[in-house]
Each structure stands twice: as structure tokens, then as C-alpha cells.
Amino acid sequence: MAAVSLRLGDLVWGKLGRYPPWPGKIVNPPKDLKKPRGKKCFFVKFFGTEDHAWIKVEQLKPYHAHKEEMIKINKGKRFQQAVDAVEEFLRRAKGKDQTSSHSSADDKNRRNSSEERSRPISGDEKRKLSLSEGKVKKNMGEGKKRVPSGSSERGSKSPLKRAQEQSPRKRGRPPKDEKDLSIPESSTVKMMAGPMATFKWQPNVSEPVKDADPHFHHFLLSQTEKPAVCYQAITKKLKICEEETGSTSIQAADSTAVNGSVTPTDKKIGFLGLGLMGSGIVSNLLKMGHTVTVWNRTAEKCDLFIQEGARLGRTPAEVVSTCDITFACVSDPKAAKDLVLGPSGVLQGIRPGKCYVDMSTVDADTVTELAQVIVSRGGRFLEAPVSGNQQLSNDGMLVILAAGDRGLYEDCSSCFQAMGKTSFFLGEVGNAAKMMLIVNMVQGSFMATIAEGLTLAQVTGQSQQTLLDILNQGQLASIFLDQKCQNILQGNFKPDFYLKYIQKDLRLAIALGDAVNHPTPMAAAANEVYKRAKALDQSDNDMSAVYRAYIH
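Fair warning: this is a prediction, and the values are worked out from it, not measured in the lab. (Residues numbered from 1 in each chain as written. Predicted model: local features only at pLDDT ≥ 70, side-chain atom pairs only at ≥ 80, totals over all residues. Heavy atoms only, no water.)

Before going further, it helps to examine the packing of aromatic side chains. Scanning the entire structure with this criterion turns up ten aromatic pairs. Their ring planes at 70° and their centres at 5.3 Å tell us that Phe43 and Trp54 sit as a pair that is edge-to-face. A residue pair is termed long-range when its members are at least 10 positions apart, and Phe43 in strand S3 (residues 41-46) and Trp54 in strand S4 (residues 52-56) qualify at eleven residues. Residue Phe43 shares its accessibility class with Trp54, and that shared class is buried. (Phe/Tyr/Trp six-rings, centres within 6.5 Å; stacked < 30°, edge-to-face > 60°. Helix = DSSP H or I, 4+ residues; strand = E, 2+ residues; numbered from the N terminus. Buried < 20%, exposed > 50% of the residue type's maximum accessible area, 1.4 Å probe, protein only.)

In this model helix H17 (residues 431-459) runs 43 Å from its N-terminal to its C-terminal C-alpha over 29 residues, within 8% of the 42 Å that 1.5 Å per residue would give. Just past H17, the residue Gly461 takes up positive phi, approximately 80°. (Expected span 1.5 Å × (residues − 1).)

Let us look at the nonpolar core. With 37 residues, the main nonpolar core has Phe271, Phe327, Met359 and Phe416 as its most contacted residues. Among the elements of the structure, strand S8 (269-272), helix H8 (276-287), strand S9 (292-295), strand S11 (325-328), strand S12 (355-358), strand S15 (398-404), helix H15 (406-411) and helix H16 (413-419) are those that each provide at least two residues to this core. Among the elements that make up this core, the one with the highest residue count is H8 (five residues). Residues within four places of Met359 in sequence aside, it is in contact with Phe271, Ile281, Phe327, Ala328, Cys329, Ala384, Pro385, Val386, Phe416 and Met419. Core analysis: the second largest hydrophobic core is formed by 30 residues, Ala451, Ile488, Phe493 and Met543 among them. (Core = buried A, V, L, I, M, F, W, Y, C linked by side-chain atoms within 4.5 Å. Contact = heavy atoms within 4.5 Å.)

With burial as the criterion, each face of S11 is covered, one bearing Ile325 and Phe327 and the other bearing Thr326 and Ala328. Across four bridges, the pairing between S8 and S11 is parallel. By the bridge assignment, Phe271 is partnered in S11 with Phe327. Note that S11 and S12 share four bridges and pair parallel. Bridged to Thr326 within S12 is Tyr356. (Pairing = 2+ DSSP bridges.)

The contact between H17 and helix H20 (residues 499-515) brings their axes to 8 Å, and the two run at 120°. With respect to each other, H17 and H20 are oriented oblique. Handedness of the crossing formed by H17 with H20: left-handed. Touching Lys434, Leu437, Ile438, Asn440, Met441, Gln443, Gly444 and Ser445 of H17 are Ile502, Asp505, Leu506, Leu508, Ala509 and Leu512, all from H20. Class assignment of the residues belonging to the contact of H17 with H20 gives a composition of eight nonpolar, four polar and two charged. (Axes fitted to C-alpha atoms, helices over the stretch in contact; angles between N-to-C directions. Parallel < 35°, antiparallel > 145°, perpendicular 65-115°, else oblique. Left-handed = near helix turned anticlockwise from the far one by under 90°. Nonpolar A, V, L, I, M, F, W, Y, C, P; charged D, E, K, R; others polar.)

What follows deals with the sheet that holds strand S5 (residues 60-62). Read across the sheet, five strands follow the order S4-S3-S2-S1-S5 without closing on themselves; strand pairing throughout is antiparallel. Two strands in the sheet have a free side with no partner beyond their single neighbour: S4 and S5. Across the sheet, the mean angle from the axis of one strand to that of its neighbour is 45°, orientation sign disregarded. Both strand S2 (residues 22-26) and S3 contribute to a ladder of three bridges, which runs antiparallel. Of the residues in S3, the one forming a bridge with Lys25 is Lys45.

Take unusual backbone geometry next. You will see that Ser344, though not glycine, has its phi angle at about 55°, which is positive. If you trace the backbone, Ser344 turns up in the loop between helix H11 (333-341) and helix H12 (346-349). Judged by its relative accessible area of 31%, Ser344 is partly exposed. A positive phi angle, near 55°, is found at Asn517, a position not held by glycine.

Our focus in this paragraph is the pattern of salt bridges. Under the definition given, this model contains 14 salt bridges. Residue Lys334 is joined to Asp338 by a salt bridge in which the shortest nitrogen-to-oxygen separation is 2.9 Å. Here Lys334 pairs with Asp338, and both are found in helix H11, just four residues apart, close to one helical turn. Accessibility expressed as a relative area gives 59% for Lys334, which makes it exposed. Classification of Asp338 by relative accessible area gives partly exposed; the value is 41%. Here Lys484 and Asp542 are joined by a salt bridge, their closest N and O atoms 3.0 Å apart. Here the residue Lys484 occupies a position in helix H19 (residues 479-490), and Asp542 occupies one in the loop between helix H21 (521-535) and helix H22 (548-551), the gap between them amounting to 58 residues. Owing to a relative accessible area of 3%, Lys484 belongs among the buried residues under this scheme. Among the residues examined, Asp542 registers a relative accessible area of 0% and is labelled buried. (Salt bridge = Lys/Arg side-chain N within 4 Å of Asp/Glu carboxyl O.)

Taken by themselves, the reported measurements are silent on function.
Below, the structure is given as C-alpha cells:
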């Protein structure tokens, strides 16, 4: 979006990350909400939600000038409700202006009448006035004598009632239905009349979201009654859901949407592993103002982040010893163990009070072993594998599954807000690893089924594009489905989630099923297809390259 000249009170379209523009109004931010450093931005409250955000100038467009354009490209139900709310706001604001102008005209007439009454009356004027009053009295007397049954509604009303209808409204007091529709500091919609008055974005987490607009899943953070409070109070107000399993979910921040309103922890953060996922995570931690020290096995990958303000750690042990909380995100169980137990590894830097958060996707046995050795040295441990891909990592839209030290989970709150849209606390160590493997088992199996369907369409003479169009109009429609099918149709297998890693997760998920004697035939079948794709040298391509296992 091109930069434009804007000011307080303007209606705008605000662009949040990879999501569609949304209508909002530029307002004054809460006093305790600091403006982010860097490029010029405005504080915007969005219609149809309880959300607000700092938005960069280049991500804003005037509402009226681009209304038709935005309506053409966005068709979601929630989007239309938001546009309706803007139009209702404008309509009532216009009515309020007209009321003010009428009041001004009435005031002027009253002043003129008052001046006329205070002016001295001449003798001729007195005689004319006396004659006219006599005529009025006579007409009124005749009117009382004959009131025909077919008289108009106006004639049937009492003089008092007519006087009440005709009398001008008292100055400065609008009618009851003309409420002030300016967006309040703490809420965007609660005071708004019209079709949006009953709309509430944040449902009970235990209930399914009905008619949800997929474009709007990133508005999850700012659901608090008083956004002017400090970060500690906001953390307490984050929506927490206790389930029968004892698991807890926190609706964390979308770093793109909040765009600087996350107050970073004052703790020193370390990060080990700058792969597809780790790079995006570190970038968002830095953007949100965290102090970060980085290390990577291939040191050159650290250079970009050092330019962005990160510090360089020479070894994992050095990073852990100099930081309060150290995160790690590596490829598999062997890499996770080597990082902790190897030469100059994490364990050598652990001292009482030091915190270690492993974000790698590994099996429960591996993460339990790592937790035991960390805690044995007086350290604190949390597992926090992430669900997502490179794009979601870059956008700060990951889903974080955590288990272990609950206090450490809460200490990581600002970090999780910077890197993800939602985080779940699942209890004791090992639970997050199991849940992550199950999630990736479902995802990997689905991807293999998509590839199988596309190849079956091709060999039976059906259009693959038509198949995608049909799927996108049905219940399976999703961003994942569309992106992976587009990869296949375009022959673009640039890695967003490595094929070798989804095969690793399928293998570990099958082993998890074996450990509890639970059948996983679908995952086992999908795993064989991925193994064939690896044999075809597709390991370092995106998982969608499993398609090639069906065409060779």
C-alpha cells in the first residue's frame, strides 16, 4: 500500500500482514501504549471487532477512495458486517451534523424573535397587532364549534400535542436514539447502533465459531476491556480456557497485527537454531524489542540477525550462560540431544535459575530425557514445539504447544506473543511432543491424500485445476489445501516445510501409536509414499513434492 496523508479521526483501510485490508478509524492510543520505534504509524481501531493496532502509514489507505476496490476483493461475512458498521457510523454521524445545523438555525430564529420582542412598538404597529389578535381569537372560536368527523389527523390532535410535535428540540440535547457514535477508547463496537450492535467477535473457546471468516483468525489478542493498562495487566486478562484435560490455552498476539504493542520482557533471550522456523521466530522477537543472542551451527546464518540488532553467541553453552531464557529449534531428536549434551552444549551453561525452552518437534522420550538433565542442574525446562510453516513463522502466526514448567511458560508470554497467534499449555513434559506429532501426522496424511487425488484426476482425464476449484468451494477449503495444490500445479516445490521433516514426524507418530498398541494404518500408508519421495531425491523440497512419488 502506498503512503498517504492521514490524520486523527480519518476512516481507513488497515492492512495486517498477509490478511486482507480491514476498515477502521485513526484514534488516539491509550496513554500506556507506547508507539513502536521505526517507521511512522497510526493507532487504528477496527470496525466489527474489539481490536486495535499500530499500523504503518504505508499499510493504510483512505476509506472512501478505496471502498469499491476493497469490497470487490473481499467477500467474507465478517468483512461485510464491518463495512456495514462503517456505513452505519457515517449515516448517524451525518444525522448528528444535520441536527446540529438545525439547532443552530433554531437558535438564530429565537435570537431574532427575542430582538423583535425587545424592540419598542410604534402606535401603528400596536393597532395592527390588536386587529390581528382579534381575528385569531374569532377563528379559534369557530374552530371549536365545528370539527367535522372527516377531519385530518392534524386536526384531530390536541393543541398541546401539536405544540409538542412542532416545538424545536432543546439546545444541546439530542434525541435518545441519536447516540454519539465516535469510537470509544476501550471498545470499538459496544456503543455502536445498527446491525453491528449485537455482534461479538470473541466467542467462548469451548464453543465452535459459527460462520467464521477465515481472513479474520488473526484478530485474537486485544480482547480486553481496558487496552490502556500496562502489559502485566493485559497478560492477566488474556483469555484462558481450562478444559477437563487440565490443558490451558492462551490467545496470544499476532505480532503482525499488534505491530509493536507487545511489551517485551526485560529478560535476556537466547536462540539456538536458525532454520526455516527459527529464522522467522528470531526476526519477530527482534521486531518486538526483545534482547536476543543467537547461535547457529552454520555461523553465516547469524549475520543477518546481527545486522537487525541481535548479539552473537560463540557456543550454545555461552548463550545459555549469558541469557535468562534460551530457546532452541532444531531438526530432529538426534540434533536436539547433541545440542544439549554435546561439547560446549546447553548443559554446560545451565546453572540454577537458567531457563531452557526446546521448540523442536521430537518424541516424548527425547524431550523427557532433556528435561531431566536440565532440571538436575537446577535449570527450568519447557517444551514448546510449534505448528506452522516458514510463512507463518515469518508472519508471527505460529501455534505453540507447551508443556513442563508452568511458571516458565508464563515468563515466556511476550516471546510467544511475538512469534505466534496462539499458545497452549498442555501439562507435564511429553504432552506437547505427543500432541505435535499427532497434529503433523494428520497434516502429512492429508498432504499425501491431496497428491493422490490430483494424480488420479490427471490419469483419468480430469482437470486438476477444476478439482482444486471444487475442493476450494467445499468443506475441505483451507489455506493449506490451496497453497499446496498451487505448488503442485505450478511445479514449485520451494520448501515451506521440508518433506524430510514431515516424514520424520510420521515415523515418530507411528512409533507413538505402537507404544500404546494403537493402529495408525493411514499414517503408515502415507509414510511409505513419503519414503518413496525421499528415494526420488525430494527430501529438501517442500512436503507437497510427495506428488512426485505418484508420477514416477
